[in-house]
Amino acid sequence: MIKARAKNINTPCPVWIYGEYTNMPPPDPHNGKARPRGYYIDKGGYPGANIYEIDIATLCRHTGITDRAGKDIYIHDILLYEETEGISYLIVLDEVQAMDIVTGEAMEVKDLSREDMKVTGNLFDNPGFIHGIRHIAEEGLEMPYLPELNVVSTALPFLKLTCLECGHVTLASRYMPVCKECGGYYMPGYATEISREKASV
């Protein structure tokens, strides 16, 4: 089996399920009946008790590597990469490679400095992130510092999104790339200042 995560199905609000991926699940322990072949994540524990059917399109395999906070890194994760000379954002392409969103440079995940990288989100929950960050880079603007793209479950303040076209400002709990007022791109920041010195947050 493969350590992975994916979003569950057959629920109004799919959530991420973490565990071992399998397409041959054990029988249901409650009634002894075999489950149909399909796509599942087994969270472990009592055999067959914590099996969830998943949307295979969201399957993200584990890379075997963790970030500076000890958080597991999966395929399709967005990494904030902080070096002395500046920050960049990387997309994890597979178990081996990551790509710089702006430059397109590919690199091996295992060669990256663990102390310089942090999982900040993933492409499934933030599908417009690549376009938004590339637009900011094309405009020659300073790269925004975003240690979290979903601030609901963190101690960080709410995101402050300022449209680069019309100037519309909104507060949000999750990164959004495009302004609903005019269709321009947002410059993300925070409602109160977050400095790079607090990178371990």
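Note that this is a predicted model, so its numbers are computed, not measured.

Enquirer: Can you break down the layout of surface pockets residue by residue, with the values?
Expert: Here the largest pocket defines a volume of roughly 380 Å³. Residue lining of the largest pocket: 21 residues in total, with Lys71, Gly121, Asn122, Asp125 and Asn150 positioned closest to the centre. For the lining of the largest pocket, the elements supplying multiple residues, two or more each, are β1 (2–7), β2 (16–22), β6 (72–74) and β11 (117–122). It is β11 that provides the largest number of residues to the lining of the largest pocket, a total of four residues. When its residues are assigned to classes, the lining of the largest pocket shows six nonpolar, seven polar and eight charged. If you go around the second largest pocket, the residues you meet are Glu142, Met143, Pro144, Tyr145, Met187, Pro188, Gly189, Tyr190, Thr192, Glu193 and Ile194.

Enquirer: Kindly report on the packing of aromatic side chains, identifying the contributing residues and their values.
Expert: Applying the stated criterion across every chain yields a total of four aromatic pairs. Measuring from ring centre to ring centre gives 5.7 Å for Tyr18 and Tyr74, while their planes differ by 70°; the resulting arrangement is edge-to-face. Of this pair, Tyr18 sits in strand β2 while Tyr74 sits in strand β6, and the two are 56 residues apart along the sequence. For Tyr18, a relative accessible area of 39% puts it in the partly exposed group. Here the aromatic rings of Tyr89 and Phe129 are separated by 5.3 Å at their centres, their planes lie at 80°, and the arrangement is edge-to-face. In this pair, Tyr89 sits in strand β8 (residues 86–92) while Phe129 sits in helix α1 (residues 129–138), placing the two residues 40 residues apart along the sequence.

Definitions and limits used
- Residues numbered from 1 in each chain as written.
- Predicted model: local features only at pLDDT ≥ 70, side-chain atom pairs only at ≥ 80, totals over all residues.
- Heavy atoms only, no water.
- 1 Å grid on protein atoms, 1.4 Å probe; cavity = no way out; pocket = protein on both sides within 12 Å on 5 of 7 lines; lining within 4 Å.
- Points joined across faces, edges and corners; volume = space filled by probe spheres on them.
- Helix = DSSP H or I, 4+ residues; strand = E, 2+ residues; numbered from the N terminus.
- Nonpolar A, V, L, I, M, F, W, Y, C, P; charged D, E, K, R; others polar.
- Phe/Tyr/Trp six-rings, centres within 6.5 Å; stacked < 30°, edge-to-face > 60°.
- Buried < 20%, exposed > 50% of the residue type's maximum accessible area, 1.4 Å probe, protein only.

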